[in-house]
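Tertiary structure, described
Spelled out, the chains give:
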Amino acid sequence: MDLAVGAIFEGKVTGITKFGAFVALPEGKSGMVHISEVASSFVNDIKDFLTEGQMVKVKVIGIDQAGRINLSIKKAQQPQEEAAQGQPQRRAPRPRSAPRPAQPRDPATMTFEDKLKLFMADSESRMADIKHNNDRKSGSRRRR
């Protein structure tokens, strides 16, 4: 079995850490799936997605000079999803004059732009509150 970058294998999860999971590959080799390569959505806790002993399909995305094998679960699944749909999924550009939908609150369904807008609105609101409180404190003192 050829362990080359781009090869896809079926492996068994042998260990889980806070930064990734170790997967046993054929011929007694093992590699690591970094937490950022587990799923296409944000992964806060890897144990929500993987369990020890689980069989997973992984793609070799790199082999460093020390012989460590870097793996990806999400990249192993992408070609199958695209082939099933016929073409890669692309979003059509939204017209600028169209009203924006209400902000979704579920982080799994939010796009990066939605998360950024929500963060910026929250940040601006907090900064305005801080400025308001500081102005009020400095202006309300009486001088003798």
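Here's a quick rundown of the structure.

Criteria and cut-off values
Starting from 1, residues in each chain are numbered consecutively following that chain's sequence as written. A pLDDT threshold of at least 70 governs which residues receive local features in this predicted model, and a stricter bar of 80 or more applies before side-chain atom pairs are shown or counted, although totals over entire chains, interfaces and linings include all residues. Each side-chain value is worked out from all heavy atoms of the structure, with water and hydrogens disregarded. Throughout, nonpolar core names a set of buried Ala, Val, Leu, Ile, Met, Phe, Trp, Tyr and Cys residues whose side chains join them through atoms within 4.5 Å. Only protein chains enter the calculation, and the probe is 1.4 Å; a residue is then buried if its accessible area is under 20% of its type maximum, exposed if over 50%, and partly exposed in between. Where helices and strands are cited, they refer to DSSP runs of H or I of at least four residues and of E of at least two residues respectively, numbered from the N terminus. Contacts between residues were defined by any pair of non-hydrogen atoms, one from each residue, lying within 4.5 Å. Contacts described as polar in this section are N or O atom pairs within 3.5 Å, which, within protein, must combine one atom able to donate a hydrogen with one able to accept it, while residues neighboring in sequence count only if both atoms come from side chains. Only when DSSP finds a minimum of two bridges between them are two strands counted as paired. The axes used here are C-alpha line fits, helices contributing only the stretch in contact, and every angle between their N-to-C directions lies in the interval 0 to 180 degrees.

Moving on: the nonpolar core. Within soluble globular proteins, side chains that are nonpolar generally end up buried alongside one another. Grouped together as the largest cluster of nonpolar side chains are 20 residues, with contacts concentrated most on Val-23, Leu-50, Val-58 and Leu-71. Within the residue set of this core, elements represented by two or more residues are strand E1 (8-16), strand E2 (20-24), strand E4 (55-63) and strand E5 (69-72).

Our next topic: the environment of Thr-51. Note on placement: Thr-51 falls in the loop between strand E3 (30-34) and E4. Taking the C-alpha atoms as reference points, Thr-51 and Ala-21, 30 residues apart in sequence, are found 9.1 Å from one another. Residue contacts for Thr-51: discarding those within four places in its chain leaves Val-13 and Ile-16.

Attention shifts here to the environment of Asp-64. Mapped onto the elements, Asp-64 comes out in the loop between E4 and E5. Of the polar contacts made by the side chain of Asp-64, one reaches the side chain of Arg-68; its length is 2.7 Å.

This part covers the sheet that holds E5. Here 5 strands make up a closed barrel; going around it, the order is E1-E2-E3-E5-E4 and the pairing mixed. The mean inter-strand angle of the sheet, taken between neighbouring strand axes irrespective of direction, is 55 degrees. Bridge count between E4 and E5: 4 bridges; the pairing is antiparallel. Bridged to Lys-59 within E5 is Ser-72.

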